[in-house]
Amino acid sequence: MSAGISSKELDLLTQPLDHGLVVQANAGTGKTYSITALIAREVSRVASLGASATEVEDFLIVTFTNNAASDLRVRTREQLSKLRGELTGSDDEAARLAVEKALGTLDRAAISTIHQFCGSILRLAGLPLSDVVEERVVRSVINAVASDLVVNRSEADAQGSKPVIINKLSEFLEVLLSNPDADLEGLTTASDQKLTTDLQRVVLSARDEVRRRLESSLTHDEIIRRALSLLEQSEKSDGLLLQQVRGMYRYYIIDESQDTDKEQWKLFKLLFPDGADDGRALMVVGDPKQSIYAFRGADVGAYLEETSQRPPKLIKELTTNYRSDDKLIMALNLLLDKSEYGDIPNGPIIDYRSVKSNNPKTEILRAGKPAEPLELIAVETTNQLALVPATVEQVRSLLSGSYAINTPLKDGSMAVKVVKANDIAILVKSGPLGRKIQAALLRESIPAVSNSTESVAEGAAFRAFVSLANAFERPSDDGGVRQVAMSALFAVPGRDSRLLTETYLTALQQTLENWRQAMADKGIAALALLILANDQVRKAFLAT
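Cut-offs and rules
- For every chain, the first residue of the written sequence is number 1, and numbering continues from 1 onward in sequence order.
- Local features in a predicted model are, by the rule used here, given only for residues with pLDDT of at least 70; side-chain atom pairs are given and counted only at 80 or more, and totals for whole chains, interfaces and linings are based on all residues.
- With hydrogens and water set aside, each side-chain value is computed from the structure's full complement of heavy atoms.
- Salt bridge, as used here, is a side-chain nitrogen of Lys or Arg placed within 4 Å of a carboxyl oxygen of Asp or Glu.
- Remark: exposure states derive from per-residue accessible area (1.4 Å probe, protein chains only) relative to the maximum for the residue type, with buried under 20%, exposed over 50%, and partly exposed in between.
- Comment: elements are numbered from the N terminus, with helices defined as DSSP H or I runs of at least four residues and strands as E runs of at least two.
- In what follows, a contact means two residues having at least one pair of non-hydrogen atoms within 4.5 Å.
- Paired strands, in this sense, are two strands between which DSSP finds at least two bridges.
- Under this scheme, a helix contributes an axis fitted over its contacting stretch, all axes are lines through C-alpha atoms, and angles between N-to-C directions fall in the 0 to 180 degree range.
- This count recognises Lys and Arg as positive and Asp and Glu as negative, with His and chain-terminal groups excluded.
- Two N or O atoms count as a polar contact when they lie within 3.5 Å, although within protein this holds only if one can serve as hydrogen donor and the other as acceptor, and sequence-adjacent residues are included solely when both atoms are side-chain atoms.

On to the pattern of salt bridges, then. One pass over the full model with this rule turns up 26 salt bridges. Close ionic contact of Arg45 with Glu42 constitutes a salt bridge, the shortest N to O distance being 3.3 Å. Here Asp278 and Arg280 are joined by a salt bridge, their closest N and O atoms 2.8 Å apart. Given the relative accessible area of 12%, Arg280 is considered buried. Salt bridges sharing partners connect three or more residues here, namely Arg84, Glu93, Arg96 and Glu100.

As structure tokens, this is what we get:
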């Protein structure tokens, strides 16, 4: 064991890649760094007598999203490049060559989402994947089915708002389609049992209808189900496919494992049956406190159930935070000590684990003196939009010039810099709230950008330009002109009387014709200039 590392702390220098290893991370504790460091360490170890060398293609690294998979590949390359630099000119030329080889083959390494891995199982079985549908298409079908089933039901009028019930049904449908074992009792907390029972019946009916409409397509969730079914069938027959998949990789690392579900664990356990000792290893890395994809079927209870059965020697932790300063971490430890999370029937509770900081000297100054590291501001309202002005006011205060960051330099001295806009991060509960805050900051001439991963095609701006393109195609269609008027470009409310007046529509048609002609004559840049110069458009965007 390395000096200063407890038996529970993950030691990147000595920890063997044992089957069943669980790495429990905490936010900011270097989870991705640890995964890539273990990979770099293993591939740099040259084969000794009686052992085969580890290559980067021996690893399967599975994570939850495409962005996470892409980041893991980039960070693995950075880690290997750094190690190559350290080995260059050293006495260990064999290790340097091994790392060089790993860098050359990294593009072939299996770093993917669970859906992509299951897709490779289907391809191995000879099944086509050309008809996989995008998630936004599936969501569109879900919303359409929910609307069709609820809008025509007399019970909806008796129970309350149809849009609320439609949204709730769509939300739970998405969970149920991703995770067939999802708890239907969790659909609603309404005290009226008839509502709960009725909506459960609607959900099951809607699920069957969505599957019927998508039966000729292959969704991401269906990929996992089919892969599991193929492996189960293989186990009961000749076992050929199962053995092929088991032999594809030596090490399986499941990143973000708190966002797995029971079906995925069934698949993992088929690949790693109890009692097997064939030199392969399944390892998981996760933090149950960060399980945020329940709306897409993730089941943190499945993760807790599986990992709680591991012997203590296989459970390691990452407890050093590399993102936050020492005083903030100490304050959070005091605030959250003995806090418990999770509401899993008959399941274990998720407890808060204290961490330590790797930034002991960094601190925030206010008027030249150390500021409190943690401040709680109570906004007495149930309206989320009330958070917008409160947030803007707080940002204004931070940018007033009285706040500064005191940071240690490599030579031991301290550097003080005034807080700027790019020093501030705002975490929000929902995308719409974040966009409201961003717009409010921009109106105050405070630079603000949104770090969102939502599809551009789902945004209001995209929809506005689709309606604009349709109006260009059919300039005499009053309906198309109204769509442009109600889009984010002009933001005319749907009940505005202007939409029914010939004068307004004729004027807007002329504006659109001028835009269309400018684009035809001078290109998209000319169109952009005309749009930006339009007073109504500017007012609409400033109001958002």
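Additional details are given in the paragraphs that follow.
Another point: the side chain of His115. One can find His115 in helix α4 (residues 114–124). For His115, the residues in contact, after removing those within four places along its chain, are His220, Asp221, Ile223 and Ile224.

Turning next to the pairing of strand β2 (residues 59–63). In terms of burial, β2 is a largely internal element, five of the five residues being buried. Burial along β2 is two-sided: the face carrying Phe59, Ile61 and Thr63 and the face carrying Leu60 and Val62 are both buried. Looking at chain direction, β2 and strand β4 (residues 251–254) are connected through four bridges and run parallel. Counted as the bridge partner of Ile61 is Ile253 from β4.

Attention shifts here to the sheet that holds β4. Spatially, β3-β2-β4-β5-β1-β6 is the arrangement adopted by the six strands of the open sheet, whose pairing is parallel. Every other strand in the sheet has two partners, leaving β3 (110–113) and β6 (315–317) as the edge strands with one partner each. For this sheet, the mean angle separating the axes of adjacent strands, direction not counted, is 20°. Along the sheet, α4 contacts β2, β3 and β4; its crossing angle with β3, the most-contacted strand, is approximately 110°.

Right, let's talk about the side chain of Arg246 for a bit. Along the chain, Arg246 turns up in helix α10 (residues 240–246). For the buried Arg246, no salt bridge is present, and the opposite-charge side chain at shortest range is Glu235, 4.9 Å distant. Ignoring sequence-local partners within four residues, the contact set of Arg246 consists of Tyr252, Leu270, Leu271, Pro273 and Arg280.

Turning our eyes to something else, we now look at helix α13 (residues 326–336). For α13, every residue scored as buried is listed here: Ile329, Ala331 and Asn333. On its buried side, α13 packs onto β7 (320–321) and β10 (356–357). Between a side-chain oxygen at the N-terminus of α13 and the backbone nitrogen of Lys327 the separation is 3.2 Å; the capping residue is Asp325. Residue Lys338 follows α13 closely and has a positive phi angle near 70°.

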